[in-house]
Structure formats: C-alpha cells, structure tokens
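Below, each chain spelled out in residue letters.
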Amino acid sequence: MKIKATSQVLGVIGDPIAHSFSPDMHNAAIDALGIDFCYVAFRVKSEGVGAVVKGLREFGILGLNVTIPHKLAVMEHVDQISEEALAVGAVNTIHNEDGNLTGHNTDVYGVTTAIERVAGLTTFPETCVVLGAGGASRAVTYALGRRDEVRKVMILNRTFSRAEALAVDMEKITGKSIVPAALDQASERAAFGDAGLVVNTTSVGMHPNTEHSPIIDTDSIRPDLVLYDTVFNPIETAIMQQFKEKGAPAYGGLDMLVFQGARSFEIWTGTEPPTDLMKQAVVGRFS
Ligand SMILES: NC(=O)c1ccc[n+]([C@@H]2O[C@H](COP(=O)([O-])OP(=O)(O)OC[C@H]3O[C@@H](n4cnc5c(N)ncnc54)[C@H](OP(=O)(O)O)[C@@H]3O)[C@@H](O)[C@H]2O)c1
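Residues numbered from 1 in each chain as written. Predicted model: local features only at pLDDT ≥ 70, side-chain atom pairs only at ≥ 80, totals over all residues. Heavy atoms only, no water.

Asks: Please clarify how the environment of L131 should be interpreted in this entry.
Replies: With respect to the helices and strands, the residue L131 is situated in strand β7 (residues 127-131). Residue class for L131 comes out buried when judged on its relative accessible area of 0%. Excluding residues that lie within four positions of it along the chain, L131 makes contacts with L156, L183, F192, V198, V199, N200, T201, T202, P214, I215 and I239. (Helix = DSSP H or I, 4+ residues; strand = E, 2+ residues; numbered from the N terminus. Buried < 20%, exposed > 50% of the residue type's maximum accessible area, 1.4 Å probe, protein only. Contact = heavy atoms within 4.5 Å.)

Asks: What's the story with the packing of aromatic side chains in this structure? I'm lost.
Replies: The geometry of two aromatic rings is summed up by the distance between their centres and the angle between their planes. Summed over the entire model, instances satisfying the criterion amount to three aromatic pairs. Members of the aromatic cluster, each reached through a chain of ring pairs, are F21, F232 and F286. Just above the ring of F124 sits the side chain of R147; from NZ or CZ to the centre is 3.9 Å. Between the NZ or CZ atom of R263 and the centre of the ring of Y109, over which it lies, the distance is 5.8 Å. (Phe/Tyr/Trp six-rings, centres within 6.5 Å; stacked < 30°, edge-to-face > 60°. Lys NZ or Arg CZ within 6 Å of the ring centre and 35° of its normal.)

Asks: Please explain the domain arrangement of the protein as it appears in this structure.
Replies: Many descriptions give the size of an interface as the accessible area lost when the pieces come together. According to the domain assignment, the protein consists of domain 1 (8-105 + 258-286) and domain 2 (120-248). The C-alpha-based centres of domain 1 and domain 2 are spaced at 27 Å. Here domain 1 packs against domain 2, burying approximately 710 Å² in sum over the two surfaces, 68% of which is carbon and sulfur. Broken down residue by residue, the surface that domain 1 buries against domain 2 is led by A87, V88 and F286, which jointly contribute 64%. In this structure, the connection of domain 1 to domain 2 is made through one salt bridge. Between R146 and E84 there is a salt bridge, with its nearest N and O atoms 2.8 Å apart. (Domains from an automatic or database assignment. Buried area = accessible area lost by both parts, 1.4 Å probe. Salt bridge = Lys/Arg side-chain N within 4 Å of Asp/Glu carboxyl O.)

Asks: Looking at this structure, how should I read the site of the ligand?
Replies: Inspection of the region around the ligand gives 21 residues, with A133, A136, N157, T159 and R162 positioned closest. One nitrogen or oxygen atom from the main chain of S203 is found 3.3 Å from an oxygen atom belonging to the ligand. Separating a nitrogen atom of the ligand from a backbone N or O atom of G253 is a distance of 3.0 Å. In isolation the ligand exposes 930 Å². Once the protein is present, 76% of that is buried. Mapped by element, the contributors of at least two residues to the shell around the ligand are α5 (135-145) and α9 (254-269). Residues that form the shell around the ligand fall into these classes: nine nonpolar, 10 polar and two charged. (Near = heavy atom within 4 Å. Polar contact = N/O pair within 3.5 Å; in protein donor to acceptor, adjacent residues only side chain to side chain. Areas by Shrake-Rupley, 256 points an atom, 1.4 Å probe, with all protein chains shown as cover. Nonpolar A, V, L, I, M, F, W, Y, C, P; charged D, E, K, R; others polar.)

Asks: Looking at this structure, I do not really get the sheet that holds strand β12 (residues 250-251). What am I missing?
Replies: Remark on secondary structure: sheet strands pair via backbone hydrogen bonds, oriented parallel or antiparallel. Reading across the sheet, the six strands line up as β9-β8-β7-β10-β11-β12 and stay open at both edges, with parallel pairing between neighbours. The sheet is open, and its two edges are formed by β9 (177-182) and β12, each paired on a single side. Sheet strands touched by helix α4 (residues 107-118): β10 (197-200), β11 (226-229) and β12. Its angle to β11, the strand with the most contacts, is close to 140°. Across the sheet, helix α7 (residues 185-194) lies against β7, β8 (152-157), β9 and β10, angled at about 160° from β8, the strand it touches most. (Pairing = 2+ DSSP bridges. Axes fitted to C-alpha atoms, helices over the stretch in contact; angles between N-to-C directions.)

Asks: Teacher, can you tell me more about helix α8 (residues 238-245) here?
Replies: Along an α-helix, residues three or four positions apart point the same way, because every turn accommodates 3.6 residues. Regarding α8, the residues found buried are A238, I239, M240, Q242 and F243. Looking at the buried residues of α8, the elements they touch are β7, α7, β10, β11 and β12. Looking at the residues trailing α8, positive phi occurs at G247, about 80°.

Asks: Would you explain α4 in this entry?
Replies: Given a rise of 1.5 Å per residue, 12 residues ought to cover 16 Å, and the 15 Å separating the end C-alpha atoms of α4 matches this to within 8%. Looking at the buried residues of α4, the elements they touch are α3 (83-88), α5, β10, β11 and α9. (Expected span 1.5 Å × (residues − 1).)

Asks: Teacher, can you tell me more about the pairing of strand β3 (residues 63-66) here?
Replies: Successive side chains on a regular strand alternate, one facing one side of the sheet and the next facing the other. A two-sided burial pattern is seen for β3, the buried positions comprising G63 and N65 on one face and L64 and V66 on the other. When strand β1 (residues 8-14) meets β3, the two strands line up parallel, connected through four bridges. Opposite I13, over in β3, you have V66 as the bridge partner. For β3 and strand β5 (residues 93-97), the ladder comprises three bridges, and the chain directions are antiparallel. When the sheet's bridge partners are listed, L64 is paired in β5 with I94.

Dropping the structure here:
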C-alpha cells in the first residue's frame, strides 16, 4: 500500500487499541482491491471522544470503527443514528459523508451473516439461547429477535438483573418473547432442552482464561444443538470443545468479527471487500 496525499483515511478508536485486529483486516482488503485508502488505529481516552468525532469533519476522515469503551459515548456526537444502532444502543461504525456523520452498528449484520453462512443456518431455530447480557448480547439478542422465524430468545446471565433488564428492552423492540434467567445448571438444562441455537456472548473463555466455559453441565448439550461463540481469541474456545465432544456443531467468533468489519468497509467505500483475505489477515496475527 502506498499512502498518498489523496488517500482516504479510515480507522478505529478505542482504549486500549494496540491489540486490535481491525487494521490488519481492513488494510488487507484495501491492498487486495488496490484502492486509495488506509486504515489506522487511534488510542483515544474517554475525555477526548467528543473532540475526536468533531475532528472527523475537520480532517475529512471518511470513517471510523469504534470499540471498547466508546461505543455509547460517540452516539451523542454524530448527526444521526441507524435503526440497528439505536436498537442495540451502541455505535461501532461512523460514516462521514461531507461532514454529516451517521452512527451504525454492524455487529448485528456480523453475527447474522456468520450464523447464516458459516454455521449454515439459513433458517434460524424458533427458540434460541443467548449466554450473557452485556454489549455483545444486545446486538445478538436483537439480531435473533428480529428474524421472522425466531419466536423466543432466552437470555441466561450470571447477574440476573442484567438479563431481566435486557429482556424487557428487547421484547419491546423486537415484539418477540425474550425470557431472562440466571446462568446456572437448572436454567441451562431447561433452556437447552427447547433450543436449536446457543450463542455465547459472555467473555468467559476469552484469552488469557482459555480453559473456562460458561457451560456448567455438558449433559444438556444435544448433537443437534448448534453453538455460535462470539469469542474469537482463542479461535477454538473451551465451550466450543465441549459442544464438539458431544457431537454438536460449534463455531467461533472470528467470522462475526470479519463480517462486521466487512459491513463497515462496504458502508464507507461502497465496495464489497474480500472477506476470505480479511479473515486470513486476522488468523495471521494468531500464528
Ligand atoms: N466476534 C465479534 O465480532 C465480537 C463482537 C463483540 C464482542 N465480542 C466478544 O463478546 C464477549 C463479550 O463482550 P461484551 O462487550 O458484551 O462484554 P461485556 O459488556 O463486559 O459483557 C460481558 C458478559 O460476560 C459475562 N461474564 C463475564 N465474566 C463472567 C464469568 N466469570 N461467569 C459468567 N459470566 C461472565 C457478564 O456477566 P455479568 O453481567 O454477570 O457481569 C456479561 O454478561 C467478549 O469476549 C468479546 O470479545 C465478539
């Protein structure tokens, strides 16, 4: 890639940011397409978020990804917010169109596309289970709840009150039955019995605590119960291993990461990026 005076700038803001895979993914796509863009990472402190978003207009920066801890804070600094980002309550992508800033959430597209294309579920099961009630859970619960064929989503979380609050919110937004429960053995057993898909959105099992899993009782895992784990580091998590040992299909969060990035890229450039190369670029960071 040759950065020129004409190059359009894209980037990601977060704190910390040095661990981010986004520059690898996006610059791989830019290189492959031979387009005049570059993508950089900015470590931004919370107190600087407003100035940075304002600065997008001044610098003419075309787009930003937004990661922890700024996904909520940027919402008050953009000009409009997409329907999905409003529903999820978080912006992970900002698009600057001649000074007019739109906040998007591409995690919804990311997880939906990963489940459809990689897990092969073109039709989602009527009953789905989401483990966790944090930021990723909001995007996943919304993604599941807005599918016509999904009737019920169960949210299991360590802190029951967070599952309850999220369920109330998502039931209003999606019009589906969203049922909260504690993350314990009895709830897992009851929820898994009805479900066709489990999505893990807890951070349990994430590097460096790779031996941990949110599943307490593996007897409730049936061979036809599909797991999608949003955790992408490590590529194969402990919960994925538990499902595979029971003969059940299990998929990791790398594809969600790639597809949410691909959607951001498409919003900014109007071009569909090569997702296989974006994925290779991330996998390259692990080896
Ligand atoms: N693949 C992707 O593109 C993608 C995108 C976004 C996020 N993610 C992944 O999703 C995961 C969660 O991210 P987030 O932003 O939602 O984080 P978050 O808002 O901090 O939520 C963390 C969730 O994990 C639960 N949890 C944490 N430690 C636990 C433990 N020891 N036992 C049981 N539950 C525990 C929390 O439960 P409490 O409410 O009880 O604290 C909460 O539900 C991370 O691993 C992240 O990498 C992946």
